[in-house]
Amino acid sequence: MIVTLIVACEIAFWVLLAAGLALRYLAKMPGVGAAVLLCEPLLEVVLLVVTAVDLKNGGDPDWKHGLAAVYIGFTVGLGHSTIRWVDARVAHRFAGGPPPVKPPKYGMARAAHEWRVAGRWTVAAVTALALLQGAVWYVGGDGDVVSLRSWQRTMLFVIGINLVIAGSYTVFPKRDPRGRVPGAPG
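Now for a look at the structure at hand. Values in this document were obtained by computation on a predicted structure and should not be read as measured data.

**Considering the pattern of salt bridges**
Line of reasoning, step 1. For the structure on display, the rule yields four salt bridges.
Line of reasoning, step 2. Linking Glu114 and Arg110 is a salt bridge whose minimum nitrogen-to-oxygen distance equals 2.8 Å. In this pair, Glu114 and Arg110 are both assigned in helix α5 (residues 107–139), four residues apart and thus about one turn of the helix distant. The burial state of Glu114 is the same as that of Arg110; both residues are buried.

**A look at the packing of helix α3 (residues 40–56) against helix α4 (residues 63–95)**
Line of reasoning, step 1. At a minimum axis separation of 10 Å, α3 and α4 run at an interaxial angle of 170 degrees. Here α3 is positioned roughly antiparallel relative to α4, judged by the angle of their axes. Between α3 and α4, the residues in contact are Glu40, Glu44, Leu47, Leu48, Thr51, Asp54 and Leu55 and His65, Ala68, Tyr71, Ile72, Thr75 and Ile83, respectively.

**A short note on helix α1 (residues 2–26)**
Line of reasoning, step 1. Taking 1.5 Å per residue as the helical rise, α1 with its 25 residues ought to reach 36 Å, and the 35 Å between its terminal C-alpha atoms agrees with that figure.
Line of reasoning, step 2. Buried-residue contacts for α1 involve α2 (30–37), α3 and α4.

**What to know about the environment of Ala69**
Line of reasoning, step 1. Tracing the chain through its elements places Ala69 in helix α4.
Line of reasoning, step 2. Sequence separation between Ala69 and Pro41 is 28 residues, and the spatial gap between their C-alpha atoms is 14 Å.
Line of reasoning, step 3. Sequence-distant contacts of Ala69, that is, excluding residues within four places in its chain, are made with Ala128, Leu131 and Leu132.

**A closer look at the environment of Arg116**
Line of reasoning, step 1. Note on placement: Arg116 falls in helix α5.
Line of reasoning, step 2. With a relative accessible area of 46%, Arg116 lands in the partly exposed category.
Line of reasoning, step 3. Separated by 113 residues in sequence, Arg116 and Val3 place their C-alpha atoms 30 Å apart.

**Comments concerning α5**
An α-helix turns once every 3.6 residues. As a result, residues three or four positions apart point the same way.
Line of reasoning, step 1. Helix length check: α5, at 33 residues, gives a terminal C-alpha distance of 48 Å against a target of 48 Å (1.5 Å per residue), a fit within 8%.
Line of reasoning, step 2. A positive phi of about 85 degrees marks Gly140, the residue just after α5.

**Observations concerning the nonpolar core**
What tends to happen in soluble globular proteins is that the nonpolar side chains get buried as a cluster.
Line of reasoning, step 1. Core analysis: the biggest nonpolar cluster contains 18 residues, and Ile6, Cys9, Phe13, Leu17, Leu21, Leu47 and Tyr71 have the highest contact counts within it.
Line of reasoning, step 2. Mapped by element, the contributors of at least two residues to this core are α1, α3 and α4.
Line of reasoning, step 3. When residues in this core are grouped by element, the largest group, eight residues, is from α1.
Line of reasoning, step 4. Dropping the residues within four chain positions of it, Leu21 is found in contact with Leu26, Leu37, Val86, Asp87 and Val90.
Line of reasoning, step 5. One finds Ala125, Ala128, Val136 and Val145 within the second-largest nonpolar core, a separate group that totals 15 residues.

So, how was this worked out
Residues numbered from 1 in each chain as written. Predicted model: local features only at pLDDT ≥ 70, side-chain atom pairs only at ≥ 80, totals over all residues. Heavy atoms only, no water. Salt bridge = Lys/Arg side-chain N within 4 Å of Asp/Glu carboxyl O. Helix = DSSP H or I, 4+ residues; strand = E, 2+ residues; numbered from the N terminus. Buried < 20%, exposed > 50% of the residue type's maximum accessible area, 1.4 Å probe, protein only. Axes fitted to C-alpha atoms, helices over the stretch in contact; angles between N-to-C directions. Parallel < 35°, antiparallel > 145°, perpendicular 65-115°, else oblique. Contact = heavy atoms within 4.5 Å. Expected span 1.5 Å × (residues − 1). Core = buried A, V, L, I, M, F, W, Y, C linked by side-chain atoms within 4.5 Å.

Structure below.
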């Protein structure tokens with residue numbers, strides 16, 4: 001049931017996103033569109049409550065409960081930036097908005113971009129880690145929490161990978177092949 005709910009939450013995320021943006025740009029009802037977009041966090045609350053109830057009713061903590069925590073964490077850390085990314089493209093395509101800003105390709109501007117991305121992924125992973133630890137404490141010492149601990153290790157790995165990527169752009173900044181300096185007049 002938990003996996004089905006995770007899939008349903010993911011589908012509902014995209015349906016709410018499409019509905020909110022359609023109301024905002026196609027129906028010219030920005031307030032109603034924003035209200036629909038603000039319903040997104042309710043999906044995570046429902047998933048969290050159902051997962052906690054499942055554990056409370058004796059469900060064995062397994063990979064599904066861990067996946068629910070990871071899904072919630074990623075929505076917390078990456079959901080807002082995903083909505084902004086899609087919103088910029090829809091505004092450009094359907095509402096005459098400016099073209100979406102592309103991330104910088106070279107130099108320290110690219111490194112700063114990668115640190116922001118790493119920060120979002122770190123927020124996602126830390127949120128998942130906290131929820132997973134809460135599940136471990138909730139289950140208590142008598143329960144088998146091996147799968148939850150495994151998800152925690154995975155989240156630490158996600159943080160590490162993102163920090164390595166961002167650090168590599170800082171230590172070895174990518175250079176413009178044409179020799180231009182970012183920000184200088186072209």
